[in-house]
Protein chains: 2
Amino acid sequence: MDKSLQTCFSFRLNSKDGNARAGILTTPHGDVETPVFMPVGTQATVKSLTPAQLEELKVQILLSNTYHLYLRPGADVIQEFGGLHNFMNWHKPILTDSGGFQVFSLGNLRHVTDEGVVFKSHIDGSTHNFTPESAVNIQEKLGADIIMAFDECPEPHDRRYNEQALARTHSWAQRCLQAKSRPDQALFGIVQGGIFPDLRARSAEFLTSLNFPGYSIGGLSVGESKDDMLAVIEVVNAILPESKPRYLMGVGTPYDLIEGIRRGIDMFDCVLPTRLARHHAAQTLQGRLNLSKAEYARDNSPIDSDCGCYTCTNFSRSYLRHLIIAKEMLASTLISIHNIFTLTSLARTLRKNILDKRFDNTAAQLLANLEKVK
Amino acid sequence: MDKSLQTCFSFRLNSKDGNARAGILTTPHGDVETPVFMPVGTQATVKSLTPAQLEELKVQILLSNTYHLYLRPGADVIQEFGGLHNFMNWHKPILTDSGGFQVFSLGNLRHVTDEGVVFKSHIDGSTHNFTPESAVNIQEKLGADIIMAFDECPEPHDRRYNEQALARTHSWAQRCLQAKSRPDQALFGIVQGGIFPDLRARSAEFLTSLNFPGYSIGGLSVGESKDDMLAVIEVVNAILPESKPRYLMGVGTPYDLIEGIRRGIDMFDCVLPTRLARHHAAQTLQGRLNLSKAEYARDNSPIDSDCGCYTCTNFSRSYLRHLIIAKEMLASTLISIHNIFTLTSLARTLRKNILDKRFDNTAAQLLANLEKVK
C-alpha cells in the first residue's frame, strides 16, 4: 500500500467479543464506526431522502452504484463536479460497487469473456463494455472513498460455473489492483465461490495474498439458504486477516446484521429499508409491519414505540396508513427514515455491546424478539 | 364575536404603504406575519415534504382541504386524534377550506340546491352531501385555526349564474355562522361575484355586514384575465373593513403576490409550488425554469444563485436534472423546497418593504425582473 493511502485510509479494531468486532474505519471523508449499516443511494440519492435527513439519521457512509451512475448521468459529468460527494452533496464517506453484480443480473443482455462483460443498457438497449480496468477507471471518476474490484457473480449453487468464475474473478482482482491509480481511494477485493466452502476458502486465501486494504464477501443473499450464507461467512472470516475490514455485500435485514456481526462482519449494505418503505412495509426489531392494512386506520401508536426516529417520535400508524392510501410520497419518506434508523441504530447498539463484552446476551434477546421474521 | 375567540384570534395592522398592508394574525397555534403565502397540504401533507422541512422553510401557516380529508381518512378519524394539527404533526396555524371549490369542480358529479350540494366521490363514486352546516361541522372536527364558509363557485364570466349563486352564497354564509360552535376557530366569509364589479361590491358589502373575523375573495384564478382579477381585488378591498384580514384564495404566483399585496391582500395560497415541482419546474423571481432540459445536464449553478434555500445552497441544476431523468422522488422534494421558499420569502421581503415604506420601488424592480412570466 502506498504511503498516502496509508495516511488517509486505515482500519483499527477497538474490541472483540467472540468473533464480533468493533472497529473504526478512517477514510478521506471521515471515520466510520463499525459494525456499520450503509444505506444504498443507487442513483446518487437514497430514494426519497435528502442528505440532511441522512445526517440526522446518523448515517455514516453511503453506497452508490457504478453501473447506474455510468449510464446516468455518466461518470464524466460526476467527475466534472469533483466527484460524487459534491454532486450529491454528501460529504461523509461513500463506497461504490464495481457494477459487476448489476451487469451479471442483466441475464440475456450481457456476454462475458475473460476480457470483461459486454452488456446492453436496461434504459435504452445501447451496448456497453465493462472490464476490470474500466470499472476501476469509472470508480476513480466517481471518486468514492472505497471502491470495489470487478467480479463475476455466478448463481451460488452451480459448482462448475462457480469454479470457472472464480478463476476469472481472481484474475480480474489482480487487473483491478494494476489499474488503480488514485491514492485517496481504497480498493476492496471480493471473495466469491457460491455456497461451496472449499471455493470460498480458496478465494479468501488468494485475495488475502494480494493484500487488499479491505475485503468483501460477494454473491450472497441471492437465493441461498440462511444456513449456507452463515456457513460461507464463517469459512471466509476464518481466513481473512483480522486487521482488515470485512464487508458482506447486499445483505442487511436485522437478522442478517446480528448473525453477520456475530461472525465477524464489519460492514453491510442493503436496498431493503428504502425498497420496503416504498411498498409500505416497516422494519422493526419485532418483525415487519405492512402499514397499508385496514387495522391501522385508527391506530394512534407509532410504528415502534421503542424507536426514537423522527417518524416514530411524531407520526401515528394511522397517519402513515392515510398517506399510503392517499398515494402520498411522504409515506415513502417517513417509512424510509424509520427503516434506515432501525438498521443504523441496530448496528450502533451491537457495537456498544461488543465494546461492553455483552454481544451474545444482547444478540440472543434481539433474535428472540425477531421471531421467525428474517 | 364571543370573548374566547377574541382572546385567541385577532388581527393587528402594523403598517400600510399605499394600500399594501403589514400585519399580524394571532391564532390559537401562534402568530402569522402578513402578508403571508400558505403552502397547500391537500391530504394532510404538503406533497413530498416533512413538517420539519416546512418549519425549516419558515412556513407560518398551512392550508388543507376539507373535501379530501372528509373522504380520506374521514373527519372522525382526524377528530379522534384531537384534530389535524396532531394528526399531521403540524403545530403552527392551519386553515381549512370548506370543500365548496372542490365539489363545484366535480362538474357532472354534483347537484346543487339551496339546501347544499350532493356529489359523487372522485375516488369511488360514492354519494355524499355537503351543506353549510355539514361543511362547518366537518371543519370543526378537523380543528383548523381558520375555517371557511361554504360557498358556490360559478364560472366567473357567466353573469346570470353569478347572480343566482351569490344569493345562495350569502344565505349559506349566514347558515355557516349559525352552525359554528367552536370558540377557538375563526370563520372567514367568502366574497363571490365572478368578474362583475357590481356583484363583487354587493357581496363584499353584505358579508361585511355579517361581521366575520376575516374575509376571502373566492372564485378567482379560474380562467379570468389578470386585469379582471386585479380589478375585482380593488373593488372588494375598497369595501372590506381595514381591521380584518383579507385572503385571496387559490392564487399565488410571484406576480400575483406582488400585485395582490399592492392592492391590500394579506393571505395567499396556491398548489403551484408543489405541483410545478412534480412537473420539474422551478419558480424564481426571474421566471420559471424547466429543469428537465438537456441544457442543464452539466450546469453547475443552483436553480437561483440569489436564493438561500436548502436546495440552492447545496445542489446544482445538473444534479436536479439527473434526479428528474432518473425518476427519483428527491427531485420533487428539492424543487418543492425551492419553490415554497421562493414564495414564502417573497412575502417576507414585501412585508419588510411595507414596514420600511418602500413597497412600490421594490415591487417595480421585482416585476421588471419577472418579465412576462406570470
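In the block above lies the structure referred to throughout.
A short tour of the structure in this document, coming up. Quick caveat, the model's predicted, so the values are computed rather than measured.

### A short note on the overall build of chain A
Part 1 of the reasoning: Scanning chain A for helices and strands turns up 16 helices and 16 strands.
Part 2 of the reasoning: Taken across its 374 residues, chain A has 56% of its residues classed as buried.
Part 3 of the reasoning: A sequence separation of at least 24 residues applies to 68% of the contacts in chain A between residues at least 6 apart.

### Here's the deal with the interface of chain B and chain A
Part 1 of the reasoning: Facing the 33 residues of chain B at the interface are 33 residues of chain A.
Part 2 of the reasoning: Listing elements by their share of the side of chain B that touches chain A, those giving two or more residues are α4 (75–80), α5 (84–88), α13 (310–314), α14 (317–325) and α15 (330–355) of chain B.
Part 3 of the reasoning: Looking at the side of chain B that touches chain A, the element that brings in the most residues is α14 of chain B, giving five residues.
Part 4 of the reasoning: Split by residue class, the side of chain B that touches chain A holds 16 nonpolar, twelve polar and five charged.

### Some points on the relation of the copies chain B and chain A
Note on the chain copies: they are related by a rotation about an axis and a translation along it.
Part 1 of the reasoning: The two copies are related by a screw motion: chain B maps onto chain A through a turn of 180° and a shift of 0.0 Å along the axis, at an RMSD of 0.0 Å. On this basis, the relationship between the two copies can be described by a two-fold rotation axis.
Part 2 of the reasoning: Interface residue correspondence from chain B to chain A reaches 100%, placing this contact among same-surface, isologous pairings.

### Let's talk about the pairing of strand β15 (residues 281–284) of chain A
Residue and element names in this part refer to chain A.
Part 1 of the reasoning: The sheet contact formed by β15 and strand β16 (residues 287–290) spans four bridges and is antiparallel. Looking across to β16, one finds that A282 is bridged to L289.
Part 2 of the reasoning: Hairpin connection, β15 to β16: the antiparallel pair is bridged by two residues.

### Structural notes on the sheet that holds strand β1 (residues 10–17) of chain A
All names here are of chain A.
Part 1 of the reasoning: Taken in spatial order, the three strands make up an open sheet running β1-β2-β3, and their pairing is antiparallel. Looking at which strands have only one partner, the edges of the open sheet turn out to be β1 and β3 (30–34). Neighbour to neighbour, the strand axes of the sheet diverge by 15° on average, direction disregarded.
Part 2 of the reasoning: Strand direction decides the pairing type here: strand β2 (residues 20–27) and β3, joined by five bridges, are antiparallel.

### Notes on helix α11 (residues 254–262) of chain A
Residues and elements named next belong to chain A.
Part 1 of the reasoning: Of all nine residues that make up α11, eight are buried, and the element is covered over most of its length.
Part 2 of the reasoning: Considered for burial, the residues of α11 that qualify are P254, D256, L257, I258, E259, G260, I261 and R262.
Part 3 of the reasoning: Once α11 finishes, G264 follows within two positions and takes phi at roughly 95°, a positive value.

### Examining the nonpolar core
Across soluble globular proteins, nonpolar side chains have a tendency to be buried as a group.
Part 1 of the reasoning: Among the nonpolar cores identified, the biggest contains 231 residues, and F188 of chain A together with F188 of chain B are the most heavily contacted of them.
Part 2 of the reasoning: If we skip the residues at most four places from it in the chain, F188 of chain A touches I146, M148, A149, F212, G214, Y215, S216 and Y247 of chain A.

Cut-offs used in this document
- Residues numbered from 1 in each chain as written.
- Chains lettered and ligands numbered in written order.
- Predicted model: local features only at pLDDT ≥ 70, side-chain atom pairs only at ≥ 80, totals over all residues.
- Helix = DSSP H or I, 4+ residues; strand = E, 2+ residues; numbered from the N terminus.
- Buried ≥ 20, exposed ≤ 12 C-beta atoms within 10 Å, placed from the backbone.
- Contact = placed C-beta atoms within 7 Å.
- Nonpolar A, V, L, I, M, F, W, Y, C, P; charged D, E, K, R; others polar.
- Least-squares fit on C-alpha atoms with pLDDT ≥ 70 in both.
- Pairing = 2+ DSSP bridges.
- Axes fitted to C-alpha atoms, helices over the stretch in contact; angles between N-to-C directions.
- Core = buried A, V, L, I, M, F, W, Y, C linked by C-beta atoms within 7 Å.

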